[in-house]
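If you want the building blocks of each chain, they are given just below.
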Amino acid sequence: MTTQTILPVDAGTLGEFSRQSGEPGWLTDNRLQALELAAGLDLPKLEKTRIDRWNVNTYGSHKESTKFAALGEAPAAIQSLINGQEEGNLLIQRNSGAVYARLAPELAAQGVIFTDLQTAAKEHGDLVQRYLHKAVLPGEHSLAALHAALWSGGVFLYVPKNVVIDTPLQAVLLTDDAEAAFVPHILIVADTNSSVTYVDNYVSDKNEAGLHNGAVEVFVGAGAKVRYATVHQFGADTTDVTYRRAVVDNDGIIEWIVGEMNYGDTASDTKSVLKGNGSSSDAKVIAVGTGSQKLNYTTQAQHFGKSTPSDMITRAVMRDAATSIINGITKIEKGATRADGQQTEKVLMLSPKARGDANPILLIDEDDVTAGHAASVGQVNQEQIYYLMSRGISRHDAEKLIIYGFLAPVVSQIPLEGLRNQLQSLVERKLGQ
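Just so it is clear, the structure is predicted and the values come from calculations on it, not from any experiment.

Draft legend 1. Representation of helix 2 (residues 25–38) within the structure. An ideal rise of 1.5 Å per residue puts 20 Å on 14 residues; helix 2 measures up with 20 Å between its terminal C-alpha atoms. Taken together, the buried positions of helix 2 are occupied by W26, L27, T28, R31, A34, L35 and A38.

Put into structure tokens, the structure is as follows:
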């Protein structure tokens, strides 16, 4: 069955927005082509999920974002996320556009670019045009096409050849105006033998229905390493649909750390394309579902290069009447000899009405490879609770220990202490611990 895509804006209005924003002609053309494409595409098809019943049409309109000169002017929802970043490398987007950006002078002197994507498209057009929409393709489905047409603000991070950045670069993306569009695009390019850690937080502070239609594109050059850490903590009124893609060249490394802590319906797809020989991917995802949330998480690794290892670990905790679909997909293409794809998906359900579905998928077109998977879905083990209670531990604390023990194999491997502590705090808040 085909569902007609309702376009949230007409071509004239979109073209005028792009021109008034001072965008180069190629970007205006890209937006208009994507909008035309969206009209003929269907919504993405998600495993056992009726996304057509979700709030995927409430885009709002592009509204000018008021910049602030000092971090002290930032709203409370942002202040809590930037402790210790007063002198660090930081970019903040509020609703439709960037409101604050800072890059250390010593990094700028080395050729590092860290700014909002709209500014980068005007100041570094050739570089942005080379990579924009080359990993998350507008033709995949209507949401991807609409994102390509409507994105604003966003993040552009470029790390030149042989530049190693030791301290994380951070972005905070806030939606707190129900009438303002919130469609950020993250584009990261790490050139040959470079290294960088990027961390972002997505948060909402409003009580009206809204949509985050987001995309992330990461390009990892030969011998480069990118660690991408992201935490989504939107409120119950925000629907979150995010597509993340990384393309990794010879001997490059991509590491994903994803914390799905939203309170509303969520779909995310995180994929590593191991294009080069010796390239590798490591993905760690933790998720907590509460209330009546509907969640659909997919993690993928597609192997083209030879001797390419990938590892994917997802752990999800469901309580109340939350439901989740957890997909792990390892695709080893013909010619990807000595590839090694491993994945684990586990779901812990805390209440009788909670539901979880873990789907490990191996698609292998080559003989000389190694691949494996593990998946489990189950309730809290009552025998474990009774055992802990027999040792003088309350039921509340016993359940808490079991939940943290379930998540520990993922959380303990996160190499960023601040992110580990943040995720621990968010898990406690969501589970009412």
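Still more ground to cover, so stick around.
Draft legend 2. Spatial organisation of the sheet that holds strand 6 (residues 185–190). Spatially, the nine strands line up as an open sheet ordered 3-4-6-8-10-12-14-16-18, and their pairing is mixed. Each edge of the sheet is formed by a strand with only one pairing partner; in this case those strands are strand 3 (113–115) and strand 18 (355–364). Between one strand and the next, the sheet's axes are offset by a mean angle of 5°, whatever the strand orientation. Bridge count between strand 10 (residues 238–248) and strand 12 (residues 266–274): nine bridges; the pairing is parallel. Note on strand 12: the bridge partner recorded for A246 is S272. Here helix 7 (residues 142–150) sits on the sheet in contact with strand 6, strand 8 (210–220) and strand 10, set at roughly 85° to strand 8.

Draft legend 3. Representation of the packing of helix 8 (residues 382–390) against helix 9 (residues 395–411) in the model. With their axes 9 Å apart at the nearest point, helix 8 and helix 9 run at an angle of 125° to one another. Viewed along their axes, helix 8 and helix 9 adopt a mutual orientation that is oblique. For the pair helix 8 and helix 9, the sense of crossing is right-handed. Each of Q382, Q384, I385, Y386, L388 and M389 in helix 8 lies in contact with helix 9, whose residues at this interface are R395, A398, E399, L401 and I402.

Draft legend 4. View of helix 9. Helix length check: helix 9 (17 residues) gives 23 Å between terminal C-alpha atoms against 24 Å at 1.5 Å per residue, within 8%. At G405, helix 9 shows its maximal kink, close to 30°; a proline, P409, follows between one and four residues later. Along helix 9, the positions that sit buried rather than exposed are A398, I402, I403, Y404, F406, L407, V410 and V411. If you check the start of helix 9, you find a side-chain oxygen 3.2 Å away from the backbone N of D397, and it comes from S394.

Draft legend 5. Fine view of the layout of surface pockets. In this structure, the second largest pocket encloses a volume near 460 Å³. R245, D269, T298, Q300 and I329 are, among the 23 residues lining the second largest pocket, the residues nearest its centre. Mapped onto the lining of the second largest pocket, the elements with two or more residues apiece are strand 10, strand 12, strand 14 (294–303) and strand 16 (323–332). Residue contributions to the lining of the second largest pocket peak at five residues, all from strand 12.

Draft legend 6. Region of interest: the sheet that holds strand 5 (residues 169–175). What the ten strands build is an open sheet, ordered 2-1-5-7-9-11-13-15-17-19; its pairing is mixed. A single partner strand is all that each edge strand has here, and the edge strands are strand 2 (97–102) and strand 19 (370–379). Direction aside, the axes of adjacent strands within the sheet are offset by 10° on average. When strand 13 (residues 280–289) meets strand 15 (residues 309–318), the two strands line up parallel, connected through nine bridges. Bridge pairing in strand 15 places G289 opposite M318. Docked against the sheet, helix 10 (residues 417–431) engages strand 7 (195–204), strand 9 (225–233), strand 11 (253–260), strand 13 and strand 15, running at close to 25° with respect to strand 9.

Draft legend 7. Local environment of the nonpolar core. In terms of nonpolar packing, the biggest core is built from 44 residues, with I51, V128, L132, F156 and L187 touching the most fellow members. Tallying contributions element by element places helix 7 first for this core, with six residues. Not counting residues up to four positions away in its chain, the partners in contact with V128 are W26, L117, A120, A121, F156 and L187. By size, the runner-up hydrophobic cluster in this structure holds 38 residues, among which are V155, A171, A224 and V258.

Draft legend 8. Geometry of unusual backbone geometry. The phi dihedral of D320 falls on the positive side, at around 60°, and the residue is not glycine. If you trace the backbone, D320 turns up in the loop between strand 15 and strand 16. For D320, a relative accessible area of 34% translates into the label partly exposed. Positive phi is not limited to glycine here, since R338 has a value of about 60°. Here R338 shows up in the loop between strand 16 and strand 17 (340–349).

Draft legend 9. Fine view of the environment of A39. With respect to the helices and strands, A39 occurs in the loop between helix 2 and helix 3 (76–79). Considered as a pair, A39 and T5 are 34 residues apart in the sequence and their alpha carbons are 5.6 Å apart. Sequence-distant contacts of A39, defined by excluding residues within four places in its chain, comprise T5 and L7.

Thresholds, definitions, all that
Counting of residues starts from 1 at the beginning of each chain's written sequence and follows it residue by residue. pLDDT decides what is reported in this predicted model: residues at 70 or higher carry local features, side-chain atom pairs at 80 or more are listed and counted, and totals for whole chains, interfaces and linings draw on all residues regardless. The side-chain quantities take in all heavy atoms of the structure and omit both hydrogens and water. Every helix listed is a DSSP run of H or I at least four residues long, and every strand listed is a run of E at least two residues long, numbered separately from the N terminus. An expected span of 1.5 Å times one less than the residue number is assigned to each helix. Only protein chains enter the area calculation, which uses a 1.4 Å probe; residues under 20% of their type maximum are buried, those over 50% are exposed, and those in between are partly exposed. Two strands are said to pair when DSSP picks up at least two bridges between them. Orientation is described by axes fitted as lines to C-alpha atoms, over the contacting stretch for helices, and by angles from 0 to 180 degrees between their N-to-C directions. Contacts were defined at the residue level, with two residues in contact if any of their heavy atoms lie within 4.5 Å. Every angle not falling under 35 degrees, over 145, or within 65 to 115 is termed oblique; those three ranges are roughly parallel, roughly antiparallel and roughly perpendicular. Take the far helix as your reference; a near helix turned counterclockwise from it by less than a right angle gives a left-handed crossing, and one turned clockwise gives a right-handed crossing. At every residue, the bend is computed as the angle between two fitted axes, covering the seven residues ending there and the seven beginning there respectively. Under this definition, polar contacts are N or O atom pairs within 3.5 Å; protein pairs additionally need one hydrogen-donor-capable and one acceptor-capable atom, and for neighbouring residues in sequence, both atoms have to be side-chain atoms. As defined here, a cavity is a set of points on a 1 Å grid over the protein atoms alone where a 1.4 Å probe fits but cannot get out. A pocket is an open set with protein on both sides within 12 Å along at least five of seven lines, and residues line them when an atom is within 4 Å of a point. Grid points are joined across faces, edges and corners, and a volume is the space filled by probe spheres set on the points. Joining through side-chain atoms within 4.5 Å is the link that ties buried Ala, Val, Leu, Ile, Met, Phe, Trp, Tyr and Cys residues into a set, and such a set is a nonpolar core.

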